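Overview (structure and organization)
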Amino acid sequence: MIHDFIYDIPVRVYFGRDQLKNLGPELRKYGTRVLMTYGGGSIKRTGLYDKVVREIRGAGLELFELSGIAPNPRIDSVREGARMCKEHNIDVLLAVGGGSTIDATKFMAAGACVDFDPWDFFDLEKWAPIEKALPIVSILTLSATGSEMDCGGVISNPETNDKIGRMEPLTLLPKASFLDPSNTFTVSAYQTACGSSDILSHIFEVYFNMDQDMYMLDCFMEGLMKTVIKYAPIAIREPENYEARANLMWTSSWAINGFVDGGKRQAWSCHPMEHELSAFYDITHGLGLAILTPRWMEYCLDETTVSKYVQFGTNVFGIDPQLPPMEIAHKAIDALSGFLFGTLGLKRTLPEVGIDRTHFATMARKAVQGGTLKGFKPLKQADVEAIYEMCMK
Ligand code: NZQ
Ligand code: ZN
């Protein structure tokens, strides 16, 4: 059925090459003391750091900085950011980077408003409420996660091998995001491929659903998928192709900003399975998703689900609709594998990225949280273990 839903995406988007002039006035809405957060230094190498600092200082704002946020961001960065917000009485946080920086910054903003350890937001037994957060503004430098326009984030705790996501629509949405595609010109071919795989997965997690659907949203999602399939190879071949980078950037935001899942209540499947791979092996999120997705599709394919694959295969990959449904489904999965592992050049198996069977049982149990993952097809621990096993060759 088509469930009732609330559509509300109050993120102001400044899209394009010449928007940074709006940064000072945007930040000023929230106060004068800015904590700027960033990752391992790519923004310094690209020159973005200097431009941002110039705007902040030009607007007469006071700047504080926290750098070194790692991919698969750690709770330690969140703790440090929350501490700095309190110490310096920060008014607004400015995240400059990819999903890792933006995600960590969201929980710094929330951590700044509480007296307890921010890991309590992720501890499954405590799940401390997030009632308030300082305002967040983002400048995106990598098209992938959609964190620039969604209300969630994923934080790792290396001490416990946990990587846990949380969504909070009322508190964690950025107030504004600056989306300049030229800030992604320097993203490597590998990260462009991983980001594109992540965008596709966000769409698949919603699209592969046997509920009676909103046809309009299915068409929209097929358009997003086709956009990634068309432009990711161009961005890899020609990193400074503005059109390609712009299409990937805007698609990354719309894949997960809450629009496409209007009316759907299904749990995601590949993401919980992948977060365990990243938690135990610190691999890139989009790479883990690429390895898992075609196997998950194969695992879920049967007579009851085949019609969705037919829709996907014919509308997205242009497979002949006259073929038998099962043949279309297999061709669709093959086409996706060809795209991920051939065109994008991502690794195909878990052993190729250094993952063996050691933690399969634990990762699978954590992925389903000891119960059933109520996704496209319900998955129990044994199902997830079987899917990991399919990724071994
Ligand atoms: O750290 P720096 O030096 O900035 O380098 C980064 C990092 O090494 C680099 N990079 C980013 N922009 C660049 C650049 N290099 C050159 N030029 C640029 N313009 O790319 C590397 C990866 O960055 P990261 O932020 O980790 O990548 P991504 O945006 O893919 O974020 C991944 C994280 O987001 C989470 C993932 O689980 C993972 O932890 N996710 C967040 C979601 C959300 N908020 O809703 C949903 C996703 O499903 C995902 O789980
Ligand atoms: Zn993702």
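Computed from a prediction, not measured in an experiment: that's the story for all the values here. Starting from 1, residues in each chain are numbered consecutively following that chain's sequence as written. Starting at A for chains and at 1 for ligands, labels are handed out in the order in which the entities are written. Per-residue local features are limited, in this predicted model, to residues with pLDDT of at least 70; the limit for side-chain atom pairs, both in listing and counting, is 80 or more; totals at the level of whole chains, interfaces and linings are taken over all residues. Values shown for side chains rest on all heavy atoms present in the structure; no hydrogens or waters enter the calculation.

What to know about the site of ligand 1
Note the following rule: Neighbouring residues are identified by heavy atoms, a residue being near a molecule or strand if any of them is within 4 Å of it. For this analysis, a polar contact is any N or O atom pair within 3.5 Å, provided that within protein one partner can donate a hydrogen and the other can accept it, and provided that sequence-adjacent residues contribute only side-chain to side-chain pairs. Note that accessible areas follow from Shrake-Rupley with a 1.4 Å probe, and for residues the cover is restricted to the protein chains shown. Per the convention used, a helix needs a DSSP run of H or I reaching at least four residues, while a strand needs a run of E reaching at least two, with both numbered from the N terminus. The start and end points of each domain follow an automatic or database-based domain assignment.
In the vicinity of ligand 1 there are 31 residues, among which Gly-99, Ser-100, Asp-150, Lys-163 and Thr-186 approach most closely. A distance of 3.4 Å separates an oxygen atom of ligand 1 from a polar side-chain atom of Asn-72. In the complex, 88% of the free accessible area of ligand 1, which totals 960 Å², lies under the protein chains. Every element with two or more residues in the shell around ligand 1 is listed here: helix H5 (99-111), strand S6 (152-157), helix H6 (189-207) and helix H9 (270-281). No fewer than three residues from each of domain 1 (12-183) and domain 2 (189-390) sit in the shell around ligand 1.

Here we look at the sheet that holds strand S8 (residues 176-179)
Heads up, the rule is: In this description, strands pair whenever DSSP reports at least two bridges between them. Lines fitted to C-alpha atoms define the axes here, with helix axes fitted over just the stretch in contact, and angles between the N-to-C directions of these axes take values from 0 to 180 degrees.
On the basis of which strands lie adjacent, the open sheet formed by six strands has the order S1-S8-S5-S4-S2-S3 and parallel pairing. Edge strands, defined here as strands with exactly one partner in the open sheet, are strand S1 (12-15) and strand S3 (62-66). Mean inter-strand twist for the sheet, computed between neighbouring axes without regard to direction, equals 20°. Two elements, strand S4 (residues 92-97) and strand S5 (residues 136-140), share five bridges in a ladder whose sense is parallel.

Observations regarding the pattern of salt bridges
Where we set the bar: Salt-bridge detection follows one rule: a side-chain nitrogen of Lys or Arg within 4 Å of a carboxyl oxygen of Asp or Glu. Whether a residue is buried, partly exposed or exposed follows from its accessible area with a 1.4 Å probe, protein chains only, as a fraction of its type maximum: under 20%, in between, or over 50%, in that order.
Counted under the stated rule, the structure contains 16 salt bridges. Between Lys-106 and Asp-150 there is a salt bridge, and its shortest N-O distance comes to 2.9 Å. With Lys-106 in helix H5 and Asp-150 in the loop between S5 and S6, this residue pair connects regions lying 44 residues apart in the sequence. Neither Lys-106 nor Asp-150 differs from the other in exposure class; each is buried. Each of Asp-76, Arg-79 and Asp-117 takes part in salt bridges that share partners, so that together they form one network.

Some words on the domain arrangement of the protein chain
Here is the rule: Here, residues are in contact when the closest pair of their heavy atoms is within 4.5 Å. The buried area of a pairing is the accessible area, by a 1.4 Å probe, that goes missing from both parts when the two are put together, added over both. When residue character is reported, Ala, Val, Leu, Ile, Met, Phe, Trp, Tyr, Cys and Pro are called nonpolar, Asp, Glu, Lys and Arg charged, and the others, Gly included, polar.
The domain boundaries assigned to the protein chain delineate domain 1 (12-183) and domain 2 (189-390). Each side of the interface is counted separately: domain 1 has 26 residues, and domain 2 has 27 residues. Between domain 1 and domain 2, the buried area comes to about 2100 Å², and carbon and sulfur atoms account for 59% of it. A per-residue breakdown of the area domain 1 buries against domain 2 is headed by Met-149, Asn-161 and Lys-163, which together make up 26% of the total. Linking domain 1 with domain 2 are two salt bridges, by the criterion used here. For the salt bridge of Lys-366 with Asp-162, the shortest nitrogen-to-oxygen distance reads 2.9 Å. Across the domain 1-domain 2 interface, the total number found is nine residue pairs in polar contact (both at pLDDT 80 or more). When residues of the side of domain 1 that touches domain 2 are traced back to their parent elements, those giving at least two are S1 and strand S7 (162-167). Split into classes, the residues belonging to the side of domain 1 that touches domain 2 amount to 11 nonpolar, eight polar and seven charged.

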